[in-house]
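# Summary of structural features
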Amino acid sequence: MCILINKSRTKYSTCLLNTALRNAILLVCVLLFAACNPVSKLQKGEYLLVKNTLLLERSAKSNIAKPQIKESYGTITELENYYQQKPNTKMLGLFKFHLAAYNFSMHKMRKKEGKKDGHSVTKEIETTISKIVGEPPVLIDSNRIDKTVRQMQLYLFNKGYFNNSVSDSVVYKDYLKHYGGKGWVYYSISPGPRYSIRKLSYQIEDPVIASKLKEDQELSLLNIGSMYDENILDEERNRIVRKLKNQGYFFFSKDYIRFEADTSLGGHSIALTLGIEQFREKTKSGIDERNHQRYKLSNIYIQPDFFPEEERRSLDTVAYGDYQFLVLPGSLNEKGNRNAYLRFKTVARKVFMKKNEYFKIEDFDNTYHHLASLNIFKFINIQFEQTQVENELSCLIQLNPIPKHTIQIEAEGTNAGDNLGIAENFIYRNKNVFKGAEMLEISVKTALESQKAFTEDDKGLGELGLFNTIEIGPELKVNFPRLLFPIKEEKIPKRYDPKTSLHASYNYQLRSDYTRWIWEGGVTYKWEESPQKTHILAPFNISSVKIKDDSPILTSSFANDFIKNSFTNHLISATRYSFIYTDQQLNKKKN
């Protein structure tokens, strides 16, 4: 009877499989058919967007030089980024599967929900299907076409094509058997000549700023003969702002820089004027204009354990070098160099701003970057406030610490070449173990795996059965945000952001072939010469491998000389140096 039951279950499962297969094939055929006729579900007056096309127009009598024509084609190609509507995506470039799935699902769901509130139900259905696999039809919208035209005209104007012309046309195709149809949109582009800079002048009332910009005029991005480009003008604004902010002009911004382009010179050239306006300040009598002022930093306050919910608590002020630390009463140690959470020296080494020096935006950025690199703060808040002394700022740095202790447990399963394996990894981290932002990490990994053996005896280990490999390995890492030795920390520039890493590990491996122990340890130094250049030095690294004398692999006839030599006792010491150079522009702006 048991056999009959099994056979009937098998027949029933086969029947279900065949039914599911037929349904899947039927669904695919329906979707393919719907993809071939995507306009069948459209309403009257609705047209599916098939393609956008850019047409570059050029008069036969045009006096544009050939290099400019080639450049125009490159600029025109970038206009594709400004399409407000793009056709439905095609699977493998052949058919619009996602649109077909959307139409098919909508047709089915609307039938089922026909008696309900159509608007709310349809909206919910469209949202659900769109998130999963479907894609609503892209219908030609005249408002979006007009917006595309305006965006293209503005882009060309900003590139120096002041006399550009962009027009649109739509070709519609109606289908007699259906209400809707298809449409093709064409954008005709006539860029005209591109204007270049023939004259460059400056209009700066502030004599100090005028002299400072004249000092490095060779670094300017504006040159006579170059093509007019709004992006270049904006980059020049940023360069000027950063230069002045690095010299104490704290309140200077891009709003004070203006450009005026005069096209009356003729010959498709312009006279460009760069102007810097005076500082504006609201007063009781109106708006007062004066020269921009440079600001120095007075006191720099640092709160190493700031919590927003306890912002109004009373704090003591402790002087440490050029900085004033704000700490809770009674939290200072006997030496006065740390509170209950962090040593003052650790934070002071990461702060680049100095008392009685002019504000520098570069020092501000470096301070934020190096404090964040300690990886012990949830957020960093740096704010400035004018003092009662003229042209003077006070600085407050608030540091919100993250939880000191974390525990992480990882589990994994593997199947490589029919070799099954399971592993567990326990990780404990102390993110401020010695009160100096040191990172202590202790991990223990245990793994069981089934591997092919070299010897005749390929039995499991004890009662494990399936697995013939056991691996247990604790590991210890300690990362210091400074150079421990041999050079004193004070002699290393702050900008190098030096780090020291100590690591030691032990690994025990038990297999039917062999039993061995692996020890490894070393020290690694890392410092950044610049954002592009990184140095890594490992002066001392040692590893030791010891194999059990009676391991079967040492006497096995299946193992060749190479394998046997690989499983011998050895001790290796090494010194390693790495230099990393990168020219990636991570903050590069994109259109």
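Residues numbered from 1 in each chain as written. Predicted model: local features only at pLDDT ≥ 70, side-chain atom pairs only at ≥ 80, totals over all residues. Heavy atoms only, no water.

Moving on, we get to the overall build of the protein. Looking only at helices and strands, the protein has ten helices and 21 strands in total. In the protein, which comprises 591 residues, the share counted as buried stands at 36%. The long-range share in the protein, meaning contacts at least 24 apart out of those at least 6 apart in sequence, stands at 62%. Of the roughly 36,200 Å² of accessible surface on the protein, 53% is carried by carbon and sulfur atoms. (Helix = DSSP H or I, 4+ residues; strand = E, 2+ residues; numbered from the N terminus. Buried < 20%, exposed > 50% of the residue type's maximum accessible area, 1.4 Å probe, protein only. Contact = heavy atoms within 4.5 Å. Areas by Shrake-Rupley, 256 points an atom, 1.4 Å probe, with all protein chains shown as cover.)

Sheet architecture is open: three strands sit in the order β1-β3-β2, paired in mixed fashion. Pairing within the sheet leaves two strands with one partner each, and these edge strands are β1 (47-56) and β2 (165-174). Sheet twist, expressed as the mean angle between neighbouring strand axes with direction ignored, is 20 degrees. With nine bridges connecting them, β1 and strand β3 (residues 181-190) associate as parallel partners. Opposite L54, over in β3, you have Y187 as the bridge partner. (Pairing = 2+ DSSP bridges. Axes fitted to C-alpha atoms, helices over the stretch in contact; angles between N-to-C directions.)

Secondary-structure assignment places N246 in the loop between α7 (230-245) and β5 (257-262). Taking the C-alpha atoms as reference points, N246 and I361, separated by 115 residues in sequence, lie 5.2 Å from one another. Of the polar contacts made by the side chain of N246, one reaches the backbone nitrogen of I361; its length is 3.3 Å. (Polar contact = N/O pair within 3.5 Å; in protein donor to acceptor, adjacent residues only side chain to side chain.)

Quick look at the sheet that holds strand β16 (residues 439-449) now. Pairing within the open sheet is antiparallel, and its eight strands lie in the order β14-β15-β16-β17-β18-β19-β20-β21. With one partner strand each, in any of the chains shown, β14 (405-416) and β21 (570-581) form the two edges of the open sheet. With direction set aside, neighbouring strand axes in the sheet form an average angle of 15 degrees. Looking at chain direction, strand β20 (residues 533-547) and β21 are connected through eleven bridges and run antiparallel. Residue pairing across strands places S543 opposite I572, the latter belonging to β21.

Turning our eyes to something else, we now look at helix α5 (residues 142-158). Owing to its 3.6 residues per turn, the α-helix aligns residues three or four sequence positions apart on the same side. Here α5 is 17 residues long and its end C-alpha atoms lie 25 Å apart, about the 24 Å a rise of 1.5 Å per residue gives. Residues of α5 that are buried include every one of I145, T148, V149, M152, Y155 and L156, and no others. For α5, the angular spread of the buried residues around the axis is 130 degrees, confining them to a single face. More than 90 degrees from the buried face of α5, the exposed residues found are N143 and R150. (Expected span 1.5 Å × (residues − 1). Arc of directions from axis to C-beta.)

For the coordinates displayed, the defined rule picks out 21 aromatic pairs. Centre to centre, the rings of Y83 and Y187 are 5.7 Å apart; their planes meet at 35 degrees, and the pair counts as tilted. Taken together, the positions of Y83 in the loop between α2 (66-78) and α3 (97-112) and Y187 in strand β3 put the pair 104 residues apart, joining distant regions of the chain. With centroids separated by 4.8 Å and ring planes inclined at 50 degrees, the aromatic side chains of F157 and F162 adopt a geometry described as tilted. Judged by its relative accessible area of 39%, F157 is partly exposed. Ring-pair connections join several aromatic residues into one group, and the members of that group are F250, F251, Y295, F359, F364 and F384. Above the ring of Y358, the side-chain terminus of K296 is found at 5.2 Å from the ring centroid. (Phe/Tyr/Trp six-rings, centres within 6.5 Å; stacked < 30°, edge-to-face > 60°. Lys NZ or Arg CZ within 6 Å of the ring centre and 35° of its normal.)

Attention shifts here to a nonpolar patch on the surface. Residues I407, I409, F426, V444 and I472 make up a contiguous nonpolar surface patch of roughly 440 Å² in combined accessible area. Here I472 shows up in strand β17 (residues 469-480). (Patch = residues over 30% accessible without salt bridge, like charges linked within 9 Å, V, L, I, M, F, W, Y side chains within 5 Å. Salt bridge = Lys/Arg side-chain N within 4 Å of Asp/Glu carboxyl O.)

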